[in-house]
Amino acid sequence: MDLEAGQVAVVTGAASGIGLALARRFAAEGLRVVLADVEAAALDEAAAELRDRGADVHARVVDVGVREQVVELAESAYETYGAVHVLCNNAGVGSGAEGRMWEHEPNDWRWAFAVNVWGVFHGVQAFVPRMIASGAPGHVVNTSSGDGGIAPLPTASVYAVTKAAVVTLTESLYAHLRAEHARVSASVLFPGPHMLRTGLWESHRNRPGRYAKERPRRTPYRSLDQWETAMRAAGRDVRFTPVEDVAGLVVTGIREDRFWMLPPSEHSDAQIRARARSMLDRANPSYLENFILD
């Protein structure tokens, strides 16, 4: 689809990181933007910034893990603008899980699935029927990750499982939209190819009480700066992709109707080939060996 002035884009997780970069880019393209985020203060700041730049913005505090709030977001968006052309299901959290998978707390899984998987489905169910019914061109972008979407990082297994689910959900959505001969298409986004400076690293700040940790953490949460310091100390090369590059990838992907919004990367391509080869050869997943810890 063409992105044109006056169209409407809805972005969840829009108060910071990738979501805010997407909102800025859509606004720069002349779109009206609906911002949704669970952090009220950050959301107000993001909306004010965009309005100062001349954007037409509607902001709403939303926990995407709560279906009723996403339905209300859709109602509010359509009441405000009368249409939605682009939907970016972008909100996501890290789980805060520690140790081996069998040691993870059930609430780590519940919270991550509520936001990263149910949040995407809630967005699809609340918006896509109306987008199809309008008869206008539309596009849905669901944010996954190379961690899980391509191959899991076992030290972040809860997050990886949710992001693998987003890929399959989006593949299924794409097929269903084609079966309906809809003018709406779908894409799965893999931000990168390097690390990103986003609030995902400190997701615990927004963890709802209903998904509270059941026991104290064995180690303190690490900020992104602390992760970066530790990785450099271990001799790891640390590179970052600007979130603006991710937004550019999305805009190009929408215009060219690319399902796989996957930036070029030798590392990612090698992972994809190794995983596919393992499956085709019915071989054990040796591509995980570099990540398996003693």
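Residues numbered from 1 in each chain as written. Predicted model: local features only at pLDDT ≥ 70, side-chain atom pairs only at ≥ 80, totals over all residues. Heavy atoms only, no water.

As recorded by an unreviewed UniProt entry, the protein chain carries the name SDR family NAD(P)-dependent oxidoreductase and is attributed to Streptomyces sp. 900105245. A UniProt comment under Sequence similarities (unreviewed entry) is attached to the protein chain, and it reads "Belongs to the short-chain dehydrogenases/reductases (SDR) family." (UniProt positions renumbered as here; feature names shortened; annotations may be inferred.)

A.B. asks: Would you mind going over the packing of helix 1 (residues 17-28) against helix 8 (residues 243-256) with me for this structure?
C.D. replies: The relative placement of two packed helices is expressed as an angle between their axes plus a distance between the axes. Where helix 1 contacts helix 8, the axes come no closer than 8 Å and their chain directions differ by 55 degrees. Comparing the axis directions of helix 1 and helix 8 gives the class oblique. The element helix 1 and its partner helix 8 pack so that their crossing is right-handed. Counted together, G17, I18, A21, L22, R24, R25 and F26 of helix 1 and V243, E244, V246, A247, G248, V250, V251 and I254 of helix 8 form the full contact between these two elements. Split into classes, the residues belonging to the contact of helix 1 with helix 8 amount to 10 nonpolar, two polar and three charged. (Axes fitted to C-alpha atoms, helices over the stretch in contact; angles between N-to-C directions. Helix = DSSP H or I, 4+ residues; strand = E, 2+ residues; numbered from the N terminus. Parallel < 35°, antiparallel > 145°, perpendicular 65-115°, else oblique. Left-handed = near helix turned anticlockwise from the far one by under 90°. Contact = heavy atoms within 4.5 Å. Nonpolar A, V, L, I, M, F, W, Y, C, P; charged D, E, K, R; others polar.)

A.B. asks: Which parts of the structure should I look at to understand helix 2 (residues 40-52)?
C.D. replies: Every α-helical turn comprises 3.6 residues, leaving residues that sit three or four positions apart pointing alike. In a regular helix each residue adds 1.5 Å, so 13 residues correspond to 18 Å; helix 2 covers 18 Å between its end C-alpha atoms and thus fits that length. Restricting attention to buried positions, one finds in helix 2 the residues L43, A46, A47 and L50. For helix 2, the angular spread of the buried residues around the axis is 95 degrees, confining them to a single face. Exposed residues pointing more than 90 degrees away from the buried face of helix 2 are listed as A41, D44, E45 and D52. (Expected span 1.5 Å × (residues − 1). Buried < 20%, exposed > 50% of the residue type's maximum accessible area, 1.4 Å probe, protein only. Arc of directions from axis to C-beta.)

A.B. asks: Is there a simple way to think about the packing of aromatic side chains in this case?
C.D. replies: Given two aromatic rings, their pairing is described by the distance between the two centres and the angle made by the two planes. Inspection of the entire model under this criterion finds six aromatic pairs. Summarising the aromatic geometry, the rings of W118 and F121 are spaced 5.9 Å apart at their centres and angled 80 degrees between planes, so their arrangement reads as edge-to-face. In this pair, W118 and F121 are both assigned in helix 4 (residues 106-134), three residues apart and thus about one turn of the helix distant. Over the face of the ring belonging to Y78 we find R130, whose NZ or CZ atom lies 4.8 Å from the ring centre. Across the ring face of F240, the terminal group of R197 is positioned such that the distance to the ring centre comes to 3.8 Å. (Phe/Tyr/Trp six-rings, centres within 6.5 Å; stacked < 30°, edge-to-face > 60°. Lys NZ or Arg CZ within 6 Å of the ring centre and 35° of its normal.)

A.B. asks: What am I meant to see in helix 1 here?
C.D. replies: Taking 1.5 Å of rise per residue, 12 residues should cover 16 Å, and helix 1 covers 17 Å from first to last C-alpha, within 8% of that figure. Among the 12 residues in helix 1, nine count as buried, and that is most of the element. When we look at burial in helix 1, the residues that qualify are G17, I18, G19, L20, A21, L22, A23, F26 and A27. Looking at the buried side of helix 1, the elements it contacts are strand 1 (8-12), strand 2 (32-37), helix 2, strand 4 (86-89) and helix 8.

A.B. asks: In this structure, what is going on with the side chain of S187? I would like to understand it.
C.D. replies: Among the structural elements, S187 can be located in strand 6 (residues 184-189). Among the polar contacts made by the side chain of S187, one reaches the main-chain carbonyl oxygen of R258 at a distance of 2.5 Å. Excluding its chain neighbours within four sequence positions, the residues that come into contact with S187 are H139, V140, V141, N142, T170, R258, F259 and M261. (Polar contact = N/O pair within 3.5 Å; in protein donor to acceptor, adjacent residues only side chain to side chain.)

A.B. asks: Just checking my understanding: could you explain the packing of helix 1 against helix 2 for this structure?
C.D. replies: At a closest axis distance of 11 Å, the pairing of helix 1 and helix 2 adopts a crossing angle of 20 degrees. Viewed along their axes, helix 1 and helix 2 adopt a mutual orientation that is roughly parallel. Here helix 1 and helix 2 pass one another in a crossing that is right-handed. Side by side, helix 1 and helix 2 meet where L20, A23, R24 and A27 of the first sit next to A46, E49 and L50 of the second.

A.B. asks: Looking at this structure, how should I read the nonpolar core?
C.D. replies: For soluble globular proteins, nonpolar side chains are generally found buried alongside one another. L3, L22, F26, L35, V86, V250 and I254 are the most contacted members of the largest nonpolar core, which has 35 residues in total. Contributions of two or more residues to this core are made by strand 1, helix 1, strand 2, helix 2, strand 4 and helix 8. Once you skip the residues sitting within four places of it in the chain, V86 turns out to touch M1, L3, V8, A9, V10, F26, L31, M131, H139 and I254. (Core = buried A, V, L, I, M, F, W, Y, C linked by side-chain atoms within 4.5 Å.)

A.B. asks: Is there a simple way to explain the side chain of R207 in this structure?
C.D. replies: Relative to the helices and strands, R207 is located in the loop between strand 6 and helix 7 (224-233). The exposure class assigned to R207 is buried, which follows from its relative accessible area of 14%. A polar contact is formed between the side chain of R207 and the backbone oxygen of S95, at a distance of 3.0 Å. Looking at R207, its side chain comes within polar contact range of the main-chain oxygen of Y211, at 2.6 Å. Ignoring any residue separated from it by four or fewer positions in sequence, one finds R207 in contact with S95, N107, D108, W111, A212, K213 and Y221.

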